[in-house]
Amino acid sequence: MKSSMKQRAFIAQIVKRLICIGMVVIVVTPILLTLFASLKTKADMVNTSPLTLPLSSATLENYAEVFGNKYLLIGFKNTLIILVVSILFNVMLGTVTAFIIERFQFRGKKLIVGMFFVGMLVPTFVTEIARFKIINSLGLYNTLGAPIVIYIAADLMQLYIYRQFISTLSPSLDESALLDGCSYFGLFGRIIFPLLAPATATVVIIKAITIINDMYIPYLYMPKNKLRTLTTFLMDYANAQQGSWQSLAAGIIVIMLPTILIYVFFQRYILAGVSAGAVKE
């Protein structure tokens, strides 16, 4: 009986590992193929297999061509501006709103919370016409303000993360601070907000990856060349490089690097922040 159970456990472990290995292969293979292509010449792209690593004939000319494009620097600059401003307001508004909802009782609280989560469930394409009219009426069309306002208002994931984290903080912290003469603003600024650092790190990382990878909103609301972001730069670069797959592959790798580096270096914060609040003591 025991040997049978051990065999089943051993088989289960093998199956789990095979599934994990399969998932890694599925995720990593396209990235490796793109990387190999970016290091090849046009002749190598035609004469060699996509799986062939260009050891002897590797070239960086494709990357030189990408970095020589003047719109790449513009894309980096615009993406950075949108990223910093959007995340700053997301953190400020998210922390304050979550603190108020978790710590205060007021009339209509359940209705407000319900409206927040209904807003998360409504697909964006359903409200696209209304959103476009609002952005246009505010005079933000073809400005960096359009995606910033949308990124601040459209995604409420930070509210869920902050509420989960604040719910794990003991209310006795609030009571002690208030008894010592601290105001609500001082309580939030000096005690609550510093304790939200793991949740803030999670929000920053998730928002950064989402904003960097988004092509739809910048393309729709900022069609000017001087307002290109990394993703719209890549789209226009792809159109200009039809047939030059090695140059396009280099462009993809360059645009992909920021999100990969962000995720690799900060993935532990993502897991810690999302799981915070899952279990209450």
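Residues numbered from 1 in each chain as written. Predicted model: local features only at pLDDT ≥ 70, side-chain atom pairs only at ≥ 80, totals over all residues. Heavy atoms only, no water.

Peer 1: Quick question: what am I supposed to make of the overall build of the protein here?
Peer 2: A count of helices and strands for the protein gives 14 helices and 0 strands. When the helices and strands of the protein are placed in sequence order, the string is α-α-α-α-α-α-α-α-α-α-α-α-α-α. By the compact-globule yardstick of 19 Å for 281 residues, the protein is too spread out, its C-alpha radius of gyration being 24 Å. Projecting the C-alpha coordinates of the protein onto the three principal axes gives extents of approximately 75 × 75 × 35 Å. Relative to all contacts within the protein whose residues are 6 or more apart in sequence, the contacts with residues 24 or more apart total 73%. A total accessible area of about 17300 Å² is found for the protein, and carbon and sulfur atoms account for 70% of it. Counting 23 positive and 12 negative side-chain charges, the protein places the centres of these two groups 6 Å from one another. (Helix = DSSP H or I, 4+ residues; strand = E, 2+ residues; numbered from the N terminus. Rg over C-alpha atoms; globule rule 2.2 N^0.38 Å. Contact = heavy atoms within 4.5 Å. Areas by Shrake-Rupley, 256 points an atom, 1.4 Å probe, with all protein chains shown as cover. Lys, Arg positive; Asp, Glu negative; His and termini not counted. Charge placed at Lys NZ, Arg CZ, Asp CG, Glu CD.)

Peer 1: Explain helix H10 (residues 184-195) to me, please; I cannot follow it from the model alone.
Peer 2: Quick reminder: α-helices carry 3.6 residues per turn. Residues three or four places apart thus point the same way. If you check H10, its first and last C-alpha atoms are 15 Å apart, about what 12 residues at 1.5 Å a residue would give, namely 16 Å. Turning to H10, its buried residues are Gly186, Leu187, Phe188 and Ile192. Buried-residue contacts for H10 involve helix H4 (70-103) and helix H9 (171-179). (Expected span 1.5 Å × (residues − 1). Buried < 20%, exposed > 50% of the residue type's maximum accessible area, 1.4 Å probe, protein only.)

Peer 1: What is the right way to read the nonpolar core from this model?
Peer 2: Here is a general trend for soluble globular proteins: nonpolar side chains tend to be buried in one another's company. Among the nonpolar cores identified, the biggest contains 54 residues, and Val66, Leu72, Ile82, Tyr162, Ile192, Leu196 and Phe233 are the most heavily contacted of them. Among all residues touching Tyr162, those that are not within four sequence positions of it are Val91, Gly94, Thr95, Ala98, Leu196, Ala199, Thr200 and Val203. (Core = buried A, V, L, I, M, F, W, Y, C linked by side-chain atoms within 4.5 Å.)

Peer 1: Can you walk me through the environment of Pro223 in this structure?
Peer 2: Its location among the elements puts Pro223 in the loop between helix H12 (216-221) and helix H13 (230-240). Taking the C-alpha atoms as reference points, Pro223 and Asn142, 81 residues apart in sequence, are found 6.5 Å from one another. Apart from residues lying up to four places away in sequence, Pro223 is in contact with Tyr141, Asn142 and Pro218.

Peer 1: Please clarify how the packing of H9 against H10 should be interpreted in this entry.
Peer 2: Helix-helix packing: each pair is described by the crossing angle between the helix axes and the interaxial distance. Contact pair H9 / H10: the axes reach a minimum separation of 10 Å and the direction vectors enclose 140 degrees. Judged by the inter-axis angle, H9 sits oblique to H10. Regarding H9 and H10, the two cross each other, and that crossing is right-handed. Packed against H9, whose contacting residues are Leu173, Asp174, Ala177 and Leu178, the element H10 presents Tyr184, Leu187, Ile191, Ile192 and Leu195 at the interface. Class assignment of the residues belonging to the contact of H9 with H10 gives a composition of 8 nonpolar, no polar and 1 charged. (Axes fitted to C-alpha atoms, helices over the stretch in contact; angles between N-to-C directions. Parallel < 35°, antiparallel > 145°, perpendicular 65-115°, else oblique. Left-handed = near helix turned anticlockwise from the far one by under 90°. Nonpolar A, V, L, I, M, F, W, Y, C, P; charged D, E, K, R; others polar.)

Peer 1: Is there a simple way to think about the packing of aromatic side chains in this case?
Peer 2: Each aromatic ring pair is characterised by the separation of its centres together with the angle its planes make. The final tally for this structure, using the stated rule, is 7 aromatic pairs. Ring plane angle 35 degrees and centroid distance 5.5 Å describe the contact between Phe132 and Tyr221, whose orientation is recorded as tilted. In this pair, Phe132 is assigned in helix H6 (residues 128-137) and Tyr221 in helix H12, connecting sequence segments 89 residues apart. Residue Phe132 is classed as partly exposed on the basis of its relative accessible area, which comes to 28%. The class for Tyr221 is buried, based on a relative accessible area of 0%. Through a chain of ring-to-ring contacts, three or more aromatic side chains come together here, namely Phe99, Phe104, Tyr184, Phe188 and Phe193. Across from the ring centre of Tyr71, 4.0 Å away, lies the NZ or CZ of Arg228, which sits over that ring. (Phe/Tyr/Trp six-rings, centres within 6.5 Å; stacked < 30°, edge-to-face > 60°. Lys NZ or Arg CZ within 6 Å of the ring centre and 35° of its normal.)

Peer 1: When you look at unusual backbone geometry in this model, what are you seeing that I'm missing?
Peer 2: Most of the time, phi is negative for any residue but glycine, and the peptide bond is trans. The backbone of Asn142 sits at a positive phi, close to 65 degrees, despite the residue not being glycine. Overall, Asn142 belongs to the buried group, its relative accessible area being 18%.

Peer 1: How should I be thinking about the pattern of salt bridges in this particular structure?
Peer 2: Pairs can form between side chains of opposite charge whenever their charged atoms are close. If you walk through the whole model with that rule in mind, you get 4 salt bridges. As a salt-bridge pair, Arg163 and Glu102 come within 2.7 Å of each other at their nearest N and O atoms. Residue Arg163 is found in helix H8 (residues 157-166), and its partner Glu102 is found in helix H4; the two are separated by 61 residues along the sequence. Look at Arg163 and you get buried, because its relative accessible area is 19%. With a closest N to O distance of 2.6 Å, Glu128 and Arg131 form a salt bridge. With Glu128 and Arg131 both in helix H6 and 3 residues apart, the pair spans about one turn of that helix. For the pair Glu128 and Arg131, one class covers both residues: buried. (Salt bridge = Lys/Arg side-chain N within 4 Å of Asp/Glu carboxyl O.)

Peer 1: Please clarify how the packing of H4 against H10 should be interpreted in this entry.
Peer 2: The interhelical angle for the contact between H4 and H10, taken along N-to-C directions, is 105 degrees, at an axis separation of 12 Å. Classed by the angle they form, the pair H4 and H10 counts as roughly perpendicular. When H4 is examined against H10, the residues Val91, Thr95, Val96 and Phe99 are found in contact with a partner set consisting of Leu187, Phe188, Ile192 and Phe193. Looking at the contact of H4 with H10 residue by residue, the class counts come to 7 nonpolar, 1 polar and no charged.

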